[in-house]
Amino acid sequence: MVDSLSKSERSYRMSLIRGSDTKPEVTLRKLLYSQGFRYRKNVAGMPGRPDIVLSKYKTAVFVHGCFWHNHRGCKIANFPKTNSEFWKAKFDTNIKRDRRNARALRMAGWRVLVVWECDLTPIGRAVRTAKKIGIQIRRPAR
Ligand SMILES: [Zn+2]
């Protein structure tokens, strides 16, 4: 069989298949759980399938991988030096989709919080991030 996918395309597809339980999300979920929050995860039928959904607080949390969501100014989100047209198109698509999903959720009355992967390692940093997120979740909606 002819392998028609480039290496980068293949690893991109693999990452889509692996999908849901990536490590930063698990870390944040555990930390929020330990603060007493209860949530649903990867809720289908909500725009963008938010990673963590706290219905009681009408809050949806996305954990964004710095690379895939092209975190600006982030060390681990280094823009690939080869095949840059391919990557630029991928990132643009991802960013547009993120914005569209966040807008749809806000229109439906949800608070949308985004947590970047780089704020969830090492664990000390993750604990601080989760505390901040906990405060934002509990803050009354305007
Ligand atoms: Zn980052």
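For the structure, check the block above.
Residues numbered from 1 in each chain as written. Predicted model: local features only at pLDDT ≥ 70, side-chain atom pairs only at ≥ 80, totals over all residues. Heavy atoms only, no water.

Caption draft 1: Spotlight on the sheet that holds strand S2 (residues 52-54). One open sheet accounts for four strands, arranged S1-S2-S3-S4; its pairing is mixed. Two strands in the sheet have a free side with no partner beyond their single neighbour: strand S1 (40-41) and strand S4 (111-116). (Pairing = 2+ DSSP bridges. Helix = DSSP H or I, 4+ residues; strand = E, 2+ residues; numbered from the N terminus.)

Caption draft 2: Summary view of the pattern of salt bridges. Summed over the entire model, instances satisfying the criterion amount to three salt bridges. The closest approach of N and O atoms between Arg29 and Glu25, which form a salt bridge, is 3.4 Å. Placement of both Arg29 and Glu25 in helix H2 (residues 23-34) is noted, with a separation of four residues, approximately one turn of the helix. With a relative accessible area of 4%, Arg29 lands in the buried category. Between Arg125 and Asp119 there is a salt bridge whose closest N-O contact spans 2.7 Å. Judged by relative accessible area, which is 35%, Arg125 ranks as partly exposed. The class of Asp119 is partly exposed, set by a relative accessible area of 23%. (Salt bridge = Lys/Arg side-chain N within 4 Å of Asp/Glu carboxyl O. Buried < 20%, exposed > 50% of the residue type's maximum accessible area, 1.4 Å probe, protein only.)

Caption draft 3: Quick look at the coordination of the zinc ion. The protein atoms that coordinate the zinc ion are Cys66 (SG), His71 (ND1), Cys74 (SG) and Cys118 (SG), at distances of 2.1 to 2.4 Å. Each of the four donor atoms bound to the zinc ion contributes to angles spanning 103 to 114°, and the resulting shape is tetrahedral. Look at where the donors of the zinc ion fall in the sequence and you get C-x4-H-x2-C-x43-C. Here Cys74, found in the loop between strand S3 (59-64) and helix H3 (84-107), pairs with Cys118, found in the loop between S4 and helix H4 (123-138); they are 44 residues apart in sequence, far enough to count as distant. (Donors = N, O, S within 2.8 Å, 3.2 Å for Na, K, Ca; no water. Tetrahedral: all angles 85-135°; square planar, octahedral: opposite > 155°, others 65-115°.)

Caption draft 4: Examining H3 more closely. Compared with the 34 Å implied by 1.5 Å per residue over 24 residues, the 34 Å span of H3 between its first and last C-alpha is a close match. Among all positions in H3, only Phe86, Trp87, Phe91, Asn94, Ile95, Asp98, Asn101, Ala102 and Leu105 are buried. One or two positions beyond H3, positive phi appears at Gly109, with a value near 90°. (Expected span 1.5 Å × (residues − 1).)

Caption draft 5: Highlighting the packing of aromatic side chains. Across all of its chains, the model carries seven aromatic pairs by this definition. Ring centres of Phe67 and Trp87 lie 5.5 Å apart, and the angle between their planes is 65°; this geometry places the pair in the edge-to-face category. With Phe67 in the loop between S3 and H3 and Trp87 in helix H3, this pair connects stretches of sequence that are 20 residues apart. On the basis of relative accessible area, Phe67 is assigned to the partly exposed category, the value being 23%. Among the aromatic side chains, those forming a connected cluster through ring pairs are Phe67, Trp68, Phe86, Trp87 and Phe91. It is Arg38 that lies over the ring of Tyr33; its NZ or CZ is 3.5 Å from the centre. (Phe/Tyr/Trp six-rings, centres within 6.5 Å; stacked < 30°, edge-to-face > 60°. Lys NZ or Arg CZ within 6 Å of the ring centre and 35° of its normal.)

Taken by themselves, the reported measurements are silent on function.
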